[in-house]
Structures are given as structure tokens and as C-alpha cells.
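Fold and geometry: a report
The lines below spell out each chain.
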Amino acid sequence: MAPVIFHPGYRSYAFGDDHPFSPRRVDMVFELLAALGHDVRTEAPTPATRADLLDVHDDYYVRRVEALSAGEVVADCEDYGLGTPDTPAFRGMDEAGRWLVGGTLHAARLISEGGARRVLQLGGGLHHARRNFASGFCIYNDLAIAIRDLVRKGLWVAYLDIDVHHGDGVQQILFEDGRAMTVSLHESGGYLFPGTGEIHELGSGVGLGLKLNLPLEPFTEGTSYLEVFDEVVPAALRHFSPGVLVVQAGADAHFDDPLADLMLTTRDYEAIFRRILDLADRYAAGRVLFTLGGGYSFRAAPRVWTLLYLLMNDLPVPRDLPAEWRGKWTRILDQPLPSTFHDPDISAILPKREETAARNRQVARRLLDATSPYWL
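Residues numbered from 1 in each chain as written. Predicted model: local features only at pLDDT ≥ 70, side-chain atom pairs only at ≥ 80, totals over all residues. Heavy atoms only, no water.

**With respect to the overall build of the protein chain**
Of the regular secondary structure elements, the protein chain holds 11 helices and eight strands. Scaling as 2.2 N^0.38, a compact globule of 376 residues should have a C-alpha radius of gyration of about 21 Å, and the protein chain matches this with 19 Å. Of all 376 residues assigned to the protein chain, the portion counted as buried reaches 61%. Long-range contacts, defined as pairs at least 24 residues apart, comprise 76% of the intrachain contacts of the protein chain with a sequence gap of at least 6. Split by element, the accessible area of the protein chain, about 14,400 Å² in all, is 49% carbon and sulfur. (Helix = DSSP H or I, 4+ residues; strand = E, 2+ residues; numbered from the N terminus. Rg over C-alpha atoms; globule rule 2.2 N^0.38 Å. Buried < 20%, exposed > 50% of the residue type's maximum accessible area, 1.4 Å probe, protein only. Contact = heavy atoms within 4.5 Å. Areas by Shrake-Rupley, 256 points an atom, 1.4 Å probe, with all protein chains shown as cover.)

**Some details on the sheet that holds strand E2 (residues 42–43)**
Ordered in space as E2-E1-E3-E8-E7-E4-E5-E6, the eight strands form an open sheet in which the pairing is parallel. Here the strands that pair on one side only, and so sit at the sheet edges, are E2 and strand E6 (211–216). Sheet strands in contact with helix H9 (residues 301–312) are strand E1 (4–5), strand E3 (118–121) and strand E8 (288–291), and its direction is about 160 degrees off that of E3. (Pairing = 2+ DSSP bridges. Axes fitted to C-alpha atoms, helices over the stretch in contact; angles between N-to-C directions.)

**Quick notes on the side chain of His128**
Along the chain, the position of His128 falls in the loop between E3 and helix H5 (142–152). By relative accessible area, His128 is classed as buried at 4%. At 3.4 Å, the side chain of His128 forms a polar contact with the backbone oxygen of His166. (Polar contact = N/O pair within 3.5 Å; in protein donor to acceptor, adjacent residues only side chain to side chain.)

**What to know about the pattern of salt bridges**
What the rule picks out here adds up to 28 salt bridges. Residue Arg179 pairs with Asp177 through a salt bridge whose shortest N-O separation is 3.1 Å. One network of salt bridges, with partners in common, ties together Arg50, Asp59, Arg63, Glu66, Asp94 and Arg98. (Salt bridge = Lys/Arg side-chain N within 4 Å of Asp/Glu carboxyl O.)

**Observations regarding the pairing of E8**
Going residue by residue along E8, you find Val288 and Phe290 tucked away on one face and Leu289 and Thr291 tucked away on the opposite face as well. Pairing between E3 and E8: four bridges, direction parallel. Bridge pairing in E8 links Leu120 to Phe290. Sheet analysis places strand E7 (residues 244–248) next to E8, joined by four bridges and oriented parallel. The residue bridging Val246 from the neighbouring strand is Leu289, located in E8. At this point the chain moves from E7, through helix H8 (residues 266–283), to the parallel E8, and the crossover so formed is right-handed. (Right-handed = clockwise from strand over helix to strand, strands pointing away.)

**Focus on the packing of aromatic side chains**
One pass over the structure, following the stated rule, counts 13 aromatic pairs. Ring geometry for Phe6 versus Phe30: centroids 4.8 Å apart, planes at 70 degrees, classification edge-to-face. Highlighted residues: Phe6 in the loop between E1 and helix H1 (24–35) and Phe30 in helix H1, separated in sequence by 24 residues. For Phe30, a relative accessible area of 19% gives the class buried. Between Tyr269 and Phe273, the ring centres sit 5.9 Å apart and the planes meet at 40 degrees, which makes this aromatic pair tilted. Placement of both Tyr269 and Phe273 in helix H8 is noted, with a separation of four residues, approximately one turn of the helix. Classification of Phe273 by relative accessible area gives buried; the value is 0%. One aromatic cluster in this structure is built from Tyr13, Phe15, Phe21, Phe90, Phe137 and Tyr296. Above the plane of the ring of Phe21 lies Arg25, whose end atom (NZ or CZ) is 4.5 Å from the centre. (Phe/Tyr/Trp six-rings, centres within 6.5 Å; stacked < 30°, edge-to-face > 60°. Lys NZ or Arg CZ within 6 Å of the ring centre and 35° of its normal.)

**Topic: the confidence of the model for the protein chain**
It should be kept in mind that the predicted coordinates are not to be read in detail where pLDDT is low. Overall, the predicted model of the protein chain reaches an average pLDDT of 97, with 100% of residues at or above 70. Within the protein chain, helix H11 (residues 353–371) has the poorest average pLDDT of any element, 96, and E7 the best, 99. (pLDDT = per-residue confidence, 0-100.)

**Concerning the environment of Gly115**
Considering the arrangement of structural elements, one finds Gly115 in the loop between helix H4 (93–112) and E3. Residue Gly115 is classed as exposed on the basis of its relative accessible area of 56%. The spacing of Gly115 and Ile139 is 24 residues in sequence and 29 Å in space, taken between C-alpha atoms.

**Comments concerning the packing of H8 against H9**
Two elements in contact, H8 and H9, have axes whose closest approach is 10 Å; the angle formed by their N-to-C orientations is 35 degrees. In this structure, the crossing between H8 and H9 has a hand that is right-handed. Across the interface between the two elements, Thr266, Tyr269, Glu270, Phe273, Arg274 and Leu277 from H8 touch Arg303, Val304, Leu307, Leu308, Leu311 and Met312 from H9. Of the residues belonging to the contact of H8 with H9, the class tally is eight nonpolar, one polar and three charged. (Left-handed = near helix turned anticlockwise from the far one by under 90°. Nonpolar A, V, L, I, M, F, W, Y, C, P; charged D, E, K, R; others polar.)

Take a look at the structure:
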């Protein structure tokens, strides 16, 4: 079985009961897998050290997080994205962030040291955190820290981000790194936070041509998403020849997500995950690290991430969701949950499908035209 990395300390990364980044989402995954009869054995990481954080974050930024974590007043904290409505300050935030970073580092080291090829980190994916700025619910960038660790171990890394929001923090930190390729598929920044991730953001220095962005039209559905994925991602990996894939598996491109406008279904996520696992086998000797990420629909995210666990372990995907699990979480959340694992076909309700697909196709071609001179 693919190792699953988790520690109860992950649950302390919480911004309050009304904040969308809720630890309940992962609790629902564990309980759904148990209800399906799967005994998930987890490996507990240790928290990241301060030195681990300083591998990508500036010391003056970490000191401010530590001060807020201890309950101190930091007058300029909002200048660093801390203490804002998106990323509120809370006691213990430094330790909570270190647990998540430690988990992603643990997963990376299992791969680099030969202990596993497929690893699932049931947390992390904090792709908006920058060197000296918190953003979009992200305090420390576990992904960039883990990628730097993998690169030091001699593995070139292809980072693939399927979160509906652009992976701006990872891109910023690795912008000049020629040993790490980043590929982000996201709703266009012209419509959605963080407003970045355009085709021309190609990297710089030895990293030029290795930072790829596919900004997609609002209401993009699965057929179009998979079309541009298939046009760009295999070609990029074929050029780069990575030693490992690191995947931010955000679930917020699902049509039920309240914070964005893409229209993927659980069937589409199954197709995406199967493609990624196949690409890892084809181009990276099977080495792939998945983290979680965004995903703010309790009706969707637990199914998407349970699906990921099942596919990583070559387990069947059931038709129905267990009634006991549905009943419990329907009562807790005070909202009805689907009865089946997969969503019904929603194609009939999607607006301007052909026009949207044509625009996405054009974006993919423009991106390949922009990068191809650097891939010769």
C-alpha cells in the first residue's frame, strides 16, 4: 500500500469554525475509507525545523509568524499577509504550519531514500505561501520546501498543480530553478484569486521555459480540461525527464465548490488521477508525491480525496456511498450528501461548452508555442 502521511497535529491548522479551510474535510476522508472497509495505516511525521522553513522563507517573516503564534502583537503583520481575513493569525499557528511542512518533507524523503514510490500526504498543499508573505490560507509553503529537499537529493522535480487557483507561491520560489518544472492548471487569474498564472510567466534564468501555466476559462468542464491536460502535460514531462512528480491535488475545481467556477466532476478527477499515475510510471519511474490543497465543498472534496487514495492503491471505486457515513455527516453539516460516489452527468447544464473549449484549446497551443523555443 502507498504510505499515507498524517498526524493529529494537522488538525491544529485551523482558522476558525467559519473559515473554509476546515480540518473536517480530512476527517470525512478517514471515516469514508473506514466505512468502505479500508484500514488506513498512517505514518506520523515530525514537525519541520526552523532550518527547514528557512530553506525557502525569509527569517524576518518566520519571526513574525512565531510572534503571532505566541500571542504577541505584531504591528506590521498585514504587510506580510498575516492576520488578514483570508489568513487570520491564531495561537499555535507556527507549530501547526510546521506539522504540515514536516508531513510533506517526510513524504519526499520516503521517495528520495527509496522507501516508497507513491506517497499520499493527507494534508499540506499550501501553494500560495511566498518567501515572505502569507496568502490564500497558506502560511508556510510545504511544497516548495519539499521540492528543494528532493532536488538536493539529486531528483529533478516536476510539480503539477491541479488546484483551481494558480500555484503562485511555488512558482515564485522556484522561478529561477532549472531543476524544477512547475505546471499549473487553474481558472484564469482574470476571474479568480490570486490573479496570476498567465502564459507569459515562463520562469527566468536557467528556469526559463520551465514554468508553465494553463489559465482556463470559467465553466470549463471535464472534456475540455482533459483535452488541454493531454496536449500540454505529457509533452512537458517528456522534455523535462523528471525524477519525481509532486502533485498538489486540490479538489476545488469541482462544480460544487463555492469559491471557484470550474466544472469538474468526480469522474473527471478519476480520469485526471489515472493520467497522473500513468505519467509518473512513464516518466518518473513511478515516483509521485500527492498532497491535498483547496477543496471547500464538503459534498465534493472528501469524495475526490478518497478517490485518490483508492486509485493510488489500485482499489476499486464503489458505486454507492455508505449510508451510515452519509447520515452522520448530513446531520453534522446540516446539508444533504450525495448517495453515489460519482456525480451525475452535468453536461446539459453547462453554458457555452464549445466556445469555452475552443478558448482553452487556443491557450494550450499558445503555451506550447511560447515554451517550445526553450525545449529544443
